[in-house]
Amino acid sequence: MNVLVTGGAGYIGSHAVKALIEAGHRVTVVDNLDRGHKRAVHEKATLEPVDLRQTGELTTVLQRDAIECVMHFAALAYVGESVDHPLRYYDNNATGSLSLLRAMHAAGVRRMVFSSTCATYGIPEQMPIVETMPQQPINPYGWSKLFVERMLADVAAADPGFGFTALRYFNVAGCAADGTIGEDHDPETHLIPVMLEAALGKRDVITIFGEDYPTPDGTCIRDYIHVEDLVEAHILAMNALHDGDARFYNLGIGRGYSVREMIEAAKAVTGVDFKVEIGPRRPGDPPELYANADRIRQDLGFTPRYTDIRHIIETAWNWFKAHPKGYEKE
Ligand code: UFG
């Protein structure tokens, strides 16, 4: 299939591009390279340094490459930044997606797999999270993604030939098992990379954001899914799309690990007893988030290969050891 990957120079998008090419698809990447890395893009993909808000340019690319499906990853994805700069998030994530949908309409492209997030649920009343629970985001990032889910549902309702799947990610983690691409954010705030930077000596200490949560060990619980499993789910979703589809799936492994469990695992994998301190809670962190992942398993036959957090961390550790400066600035 001819697939357009937005955000294909980013962490998750670049892993999707690699998997698509390895599965025999032709891939065009659209990325404004604001936070992405040229070097992360597979050499067999065509890279167009276009911003999603450039509707005309996007339309031209969609037509030129006879795109059949769009995998839409491009987005800003820091919860804290979204609270401080909400318009940046609404503009990039919501307006950018609107522009993309306009371009798809103009070019007659009617398939999309969309990167949504468990942040659209806000603070759920029960665990695990099932797709039918209310969506009440608690930050602009979550809202910006929920707006796009809504746009997609309305577009699909108006056009019986349109079909989409929105995948609500939990915590995406790990790097390509072959070590070719990885995770390189600036600034880095995610737990696994931060721990690995501490293990490499790039940080003196890591801070646990709160130890007084109502969880067994007092630290927050999250559902970590390996990035290669996650992109596999995208390919399954793409292959299963039909006219009129409006599908929503949680994408996690269906079990949670606490921050303390993550630290133990990272110390075991790296063999480094890095320093850990306890700090205050980080605003906006729900105590516990993990998926009920039955729907995607039943509908698409998706089963994650990585279910042991140590294996997930190991793939990230291999990347961080080999690329201590990330992709480096070009
Ligand atoms: N944490 C620490 N110390 C750190 C970094 C993180 O204790 O230095 C904790 C956080 O408080 C949280 C857990 O580790 O409990 C995971 O934090 P991450 O920052 O790695 O990930 P989040 O769960 O905050 O964020 C992820 C995605 C977001 C998405 C969000 C949904 O990265 O894009 O889940 O809530 F919006």
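For the structure itself, consult the block above.
The present account deals with the structure reproduced in this document. This one's a predicted model, so the numbers in the text were calculated from it and none came from an experiment.

**Re helix H6 (residues 191–199)**
The buried fraction of H6 amounts to nine of the nine residues, a majority that puts the element mostly inside the structure. Here the buried face of H6 lies against strand E7 (171–173), strand E8 (205–209), strand E10 (224–226), helix H8 (259–270) and helix H10 (309–322).

**Quick word on the pairing of strand E1 (residues 2–6)**
Counting buried positions along E1 gives five out of five residues, so the element sits mostly inside the fold. A crossover connection joins E1 to the parallel strand E2 (residues 26–30) through helix H1 (residues 11–22); in handedness this β-α-β unit is right-handed. Pairing analysis gives four bridges linking E1 to strand E4 (residues 69–72), with the strands arranged parallel. Bridging across to E4, Thr6 finds its partner in His72.

**Overview of the sheet that holds strand E9 (residues 221–222)**
Read across the sheet, three strands follow the order E12-E9-E14 without closing on themselves; strand pairing throughout is mixed. Among the strands making up the open sheet, the edge pair consists of strand E12 (257–258) and strand E14 (288–289). Sheet analysis places E9 next to E14, joined by two bridges and oriented parallel. Each bridged residue has a counterpart across the sheet, and for Arg222 the counterpart in E14 is Leu289.

**Some thoughts on the side chain of His234**
With respect to the secondary-structure elements, His234 resides in helix H7 (residues 227–240). Here the side chain of His234 touches Leu230 through a polar contact of 2.8 Å, landing on its backbone oxygen. Residues contacting His234, with those up to four places away along its chain left out, are Met71, Phe73, Val113, Ser115, Leu167, Tyr169 and Leu251.

**Considering the pattern of salt bridges**
On inspection of all chains with the given rule, the structure shows 23 salt bridges. A salt bridge links Arg295 to Glu131; the nearest nitrogen and oxygen atoms lie 3.9 Å apart. Here the residue Arg295 occupies a position in helix H9 (residues 294–300), and Glu131 occupies one in the loop between strand E5 (111–117) and helix H5 (140–158), the gap between them amounting to 164 residues. Given the relative accessible area of 30%, Arg295 is considered partly exposed. What makes Glu131 buried here is its relative accessible area of 10%. Where Arg310 meets Asp308, a salt bridge forms, and the shortest distance between an N and an O atom there is 2.9 Å. Judged by relative accessible area, Arg310 falls into the partly exposed class, the value being 44%. Through salt bridges with shared partners, a single ionic network connects Lys18, Glu22 and Asp178.

So, how was this worked out
Residues numbered from 1 in each chain as written. Predicted model: local features only at pLDDT ≥ 70, side-chain atom pairs only at ≥ 80, totals over all residues. Heavy atoms only, no water. Buried < 20%, exposed > 50% of the residue type's maximum accessible area, 1.4 Å probe, protein only. Helix = DSSP H or I, 4+ residues; strand = E, 2+ residues; numbered from the N terminus. Contact = heavy atoms within 4.5 Å. Right-handed = clockwise from strand over helix to strand, strands pointing away. Pairing = 2+ DSSP bridges. Polar contact = N/O pair within 3.5 Å; in protein donor to acceptor, adjacent residues only side chain to side chain. Salt bridge = Lys/Arg side-chain N within 4 Å of Asp/Glu carboxyl O.

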